[in-house]
Number of protein chains: 2
Amino acid sequence: LRLKSADDAAHAIKAMIVRGAPLIGATAAYGIALAMREDASDAALDRAHDMLLATRPTASICAGRSRACATPAQPSARGARETRLGGSRGDLRRRCRDLPPHRRARARDPARGGRKRIRAKLNILTHCNAGWLACVDWGTALAPIYMAHDAGIPLHVWVDETRPRNQGASLTAFELGGHGVPHTIIADNAGGHYMQAGEVDLVHRGHRPRHRNGDVANKIGTYLKALAAKDNGVPFYVALPSSTIDWTIAGRDIPIEERSPTSF
Amino acid sequence: LRLKSADDAAHAIKAMIVRGAPLIGATAAYGIALAMREDASDAALDRAHDMLLATRPTASICAGRSRACATPAQPSARGARETRLGGSRGDLRRRCRDLPPHRRARARDPARGGRKRIRAKLNILTHCNAGWLACVDWGTALAPIYMAHDAGIPLHVWVDETRPRNQGASLTAFELGGHGVPHTIIADNAGGHYMQAGEVDLVHRGHRPRHRNGDVANKIGTYLKALAAKDNGVPFYVALPSSTIDWTIAGRDIPIEERSPTSF
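A short tour of the structure in this document, coming up. (Residues numbered from 1 in each chain as written. Chains lettered and ligands numbered in written order. Predicted model: local features only at pLDDT ≥ 70, side-chain atom pairs only at ≥ 80, totals over all residues. Heavy atoms only, no water.)

**Section: the relation of the copies chain A and chain B**
Superposing chain A onto chain B takes a rotation of 180° plus a shift of 0.0 Å along the axis, which leaves an RMSD of 0.1 Å. The superposition operator between the copies reduces to a two-fold rotation axis. The rotation axis passes nearest to the C-alpha of Leu 224 of chain A in chain A, at a distance of 2.9 Å. Most of the interface of chain A is mirrored in chain B: 100% of its interface residues are interface residues there too. (Least-squares fit on C-alpha atoms with pLDDT ≥ 70 in both. Contact = heavy atoms within 4.5 Å.)

**Topic: helix H1 (residues 6-14) of chain A**
Residue and element names in this part refer to chain A. Within H1, the full set of buried residues consists of Ala 6, Ala 9, Ala 10, Ala 12 and Ile 13. When H1 is viewed along its axis, its buried side chains cluster within an angular range of 160° and face the same direction. Facing away from the buried side of H1 by over 90 degrees, the exposed positions are Asp 7 and Lys 14. Elements in contact with the buried residues of H1: helix H2 (21-38) and helix H3 (42-53). Directly beyond the C-terminal end of H1, a positive phi value near 60° is found at Met 16. (Buried < 20%, exposed > 50% of the residue type's maximum accessible area, 1.4 Å probe, protein only. Helix = DSSP H or I, 4+ residues; strand = E, 2+ residues; numbered from the N terminus. Arc of directions from axis to C-beta.)

**A closer look at the packing of helix H7 (residues 143-150) of chain B against helix H8 (residues 167-179) of chain B**
Relative placement of two packed helices is described by the angle separating their axes and the distance separating the axes. All names here are of chain B. In the contact formed by H7 and H8, the axes pass within 11 Å of each other and the chain directions differ by 20°. On the basis of their axis angle, the class for H7 and H8 is roughly parallel. Here H7 and H8 pass one another in a crossing that is right-handed. Facing Ile 145, Tyr 146, His 149 and Asp 150 of H7, the residues of H8 in contact are Glu 175, Leu 176 and His 179. Across the contact of H7 with H8, the residue classes tally to three nonpolar, two polar and two charged. (Axes fitted to C-alpha atoms, helices over the stretch in contact; angles between N-to-C directions. Parallel < 35°, antiparallel > 145°, perpendicular 65-115°, else oblique. Left-handed = near helix turned anticlockwise from the far one by under 90°. Nonpolar A, V, L, I, M, F, W, Y, C, P; charged D, E, K, R; others polar.)

**Focus on the nonpolar core**
Counting residues in each nonpolar core, the largest one holds 30 residues, and the members touching the most others are Met 195 and Val 200 of chain A together with Met 195 and Val 200 of chain B. Mapped onto this core, the elements with two or more residues apiece are helix H9 (191-196) and helix H10 (222-232) of chain A together with helix H9 (191-196) and helix H10 (222-232) of chain B. Those residues in contact with Val 200 of chain A, other than ones at most four positions away along the chain, are Asn 123, Leu 125, Trp 158, Tyr 194, Met 195 and Val 234 of chain A. (Core = buried A, V, L, I, M, F, W, Y, C linked by side-chain atoms within 4.5 Å.)

**Concerning the pattern of salt bridges**
In total, this model carries six salt bridges over all chains according to the counting rule given. In this structure, Glu 161 of chain A and Arg 163 of chain B form a salt bridge, with 2.2 Å as the shortest nitrogen-oxygen distance. Note that Glu 161 of chain A is positioned in the loop between strand E2 (155-160) and helix H8 (167-179) and Arg 163 of chain B in the loop between strand E2 (155-160) and H8, a pairing that runs across two chains. The same class applies to Glu 161 of chain A as to Arg 163 of chain B, namely buried. (Salt bridge = Lys/Arg side-chain N within 4 Å of Asp/Glu carboxyl O.)

**Quick word on unusual backbone geometry**
All names here are of chain A. Of note, the bond from Arg 163 into Pro 164 is cis; its omega dihedral lies within 30 degrees of zero at 5°. We note that Thr 162 has phi near 70°; this positive angle belongs to a residue other than glycine. Taking the relative accessible area as the measure of exposure, Thr 162 reaches 0% and is therefore buried.

**Observations concerning the interface of chain A and chain B**
Taken together, the contact between chain A and chain B spans 33 residues of the former and 33 residues of the latter. Approximately 2600 Å² of surface area, both sides summed, lies buried where chain A meets chain B, with 60% of it carried by carbon and sulfur atoms. Three residues stand out in chain A for area buried against chain B, namely Asn 189, Tyr 223 and Leu 224 of chain A, and they jointly supply 28% of the buried area on that side. Connecting chain A to chain B are two salt bridges. For the interface between chain A and chain B, the tally reads 12 residue pairs in polar contact (both at pLDDT 80 or more). Those elements giving two or more residues to the side of chain A that touches chain B turn out to be strand E3 (183-186), H9 and H10 of chain A. (Buried area = accessible area lost by both parts, 1.4 Å probe. Polar contact = N/O pair within 3.5 Å; in protein donor to acceptor, adjacent residues only side chain to side chain.)

**Remarks on the packing of aromatic side chains**
All names here are of chain A. Evaluation of the coordinates by the stated rule reveals two aromatic pairs over all chains. Centroid distance Trp 158 to Tyr 194: 4.2 Å. Interplanar angle 20°. Geometry classified as stacked. Here Trp 158 is found in strand E2, whereas its partner Tyr 194 is found in helix H9, with 36 residues between them in sequence. Among the residues examined, Trp 158 registers a relative accessible area of 8% and is labelled buried. (Phe/Tyr/Trp six-rings, centres within 6.5 Å; stacked < 30°, edge-to-face > 60°.)

**Focus on the sheet that holds strand E1 (residues 122-126) of chain A**
Residues and elements named next belong to chain A. What the five strands build is an open sheet, ordered E3-E2-E1-E4-E6; its pairing is parallel. Only two strands of the sheet have a single neighbouring strand rather than two, namely E3 and strand E6 (236-238). Sheet twist, expressed as the average angle between the axes of neighbouring strands with direction ignored, equals 25°. Where E1 meets E2, five bridges bridge the pair, whose relative direction is parallel. Residue Leu 122 lies in a different strand from E2, and its bridge partner there is Leu 155. Together, E1, E2 and E3 form the strand contacts of H8, whose direction differs from that of E2 by roughly 160°. Together, E1, E2, strand E4 (202-205) and E6 form the strand contacts of H10, whose direction differs from that of E6 by roughly 140°. (Pairing = 2+ DSSP bridges.)

**Overview of the sheet that holds strand E3 (residues 183-186) of chain B**
Adjacent strands of a sheet pair through backbone hydrogen bonds, lying either parallel or antiparallel. Residues and elements named next belong to chain B. The parallel open sheet is built from five strands, whose spatial order is E3-E2-E1-E4-E6. Two strands in the sheet have a free side with no partner beyond their single neighbour: E3 and strand E6 (236-238). The sheet shows a mean angle of 25° between the axes of neighbouring strands, direction not considered. Relative to E2, H7 is tilted by about 155°, and along the sheet it contacts strand E1 (122-126), E2 and strand E4 (202-205). The strands touched by H10 are E1, E2, E4 and E6; relative to E6, the strand with the most contacts, the crossing angle is about 140°.

Laid out in structure tokens, this is it:
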């Protein structure tokens with residue numbers, strides 16, 4: 001799918017054509033660049049920014065950074081190849097281009113950290129998808145699993161189906177299968193049972209924005225698995241690049257953003 | 001679907017063509033009666049009994065009672081219209097015929113008990129299906145909901161989709177819709193979120209056999225919702241007819257009967 005405008009970018013985020021925190025962020029950043037191509041005025045960029053902000057909360061950080069990047073230049077100069085203050089069209093595109101590798105580099109942090117925890121034959125439960133399909137490259141929750149597998153450590157992944165959008169069954173299982181990692185798709189309901197039966201050694205999952213007090217807001221169903229992990233003494237890790245911590249809000253301020261059962 | 005033999009009955013239970021504890025029990029009981037029609041010998045009835053026992057644990061009580069009913073009569077007399085000792089073909093058929101009304105009567109116990117707890121405008125979360133489709137008549141978990149709705153008490157039911165077989169989405173929603181009870185189908189993952197948001201007043205659900213120490217073994221996913229209910233102080237009720245308590249085992253003896261993620 002080719003995204004040609006800020007509207008296209010907003011639609012892709014809102015309709016979950018792109019999903020996964022890092023990929024959503026990259027799409028929002030490029031949305032601002034696409035808006036500038038059509039109209040470089042402050043008003044037009046603010047409109048695009050607000051539109052992208054209204055798609056999903058995950059889009060906000062990158063849309064904001066991308067919008068801020070245009071600010072130093074006069075609107076008339078934003079189409080120029082180069083300006084001393086930055087904010088040219090070229091600057092913004094470069095910023096957007098740089099964002100994915102920047103996030104890729106960050107996304108390897110959880111890979112290295114998580115890799116150290118994966119030492120013996122392990123059964124790992126994961127939920128939703130936080131692999132390279134979600135993260136432009138590598139992934140967050142899946143990255144240490146790939147590194148451990150590549151290092152010859154025997155492991156098996158219980159893949160939560162992740163209703164209602166089936167990101168586990170359709171994306172995570174697709175990724176793991178392509179990488180040759182042993183895995184089994186299970187109904188979301190089954191994770192607690194496997195923990196009780198001693199067949200889950202750790203839970204490893206990605207994240208949506210994490211908050212300054214340490215709370216995480218994540219894919220629907222995370223809470224239920226966290227309760228079961230606690231009840232059974234199973235370690236529960238959240239893998240995230242540090243760049244996604246939102247220092248502006250504490251967890252308790254998170255809006256209950258998605259009330260409709262079909263919009264999770 | 002017409003079940004013509006014990007094999008048909010066993011297949012219907014095993015393939016989940018019939019489901020729900022009371023309906024499974026009735027099908028198992030009739031399975032013995034169908035076996036007797038073909039071959040009234042002890043060996044044949046024992047074979048049918050063992051086959052029905054091997055379908056699902058839920059079938060065991062009724063298959064056992066039905067098999068025991070044939071024991072007093074000589075095999076040669078089991079085809080007779082009547083014997084003094086019982087155990088005739090007629091006795092067995094009558095016993096099977098009587099079983100559903102007996103269970104219907106019992107199934108109204110939870111209806112009356114549960115009805116008393118439903119007094120104000122309530123949001124009720126339910127899982128799987130334990131209505132009349134599962135129970136020959138009335139139902140267990142749904143029965144008090146029907147009675148409260150008929151009494152004019154305003155209520156709304158969150159219907160867990162109940163993966164992987166979708167008994168909530170396809171059966172419970174079908175029943176509630178036919179009865180005019182307001183309801184919303186939700187992903188199984190969403191129940192904890194609604195409890196956290198204060199939108200669930202009580203959890204009400206059916207049961208598989210309950211054990212003498214009070215433990216219940218129920219549809220996959222029950223444990224996760226029970227943990228969330230506890231974490232949020234939401235009352236969690238199990239509705240069951242007293243006839244389904246299995247006094248022969250304590251909860252800790254329950255075999256982990258269904259390891260395969262596709263067989264729940």
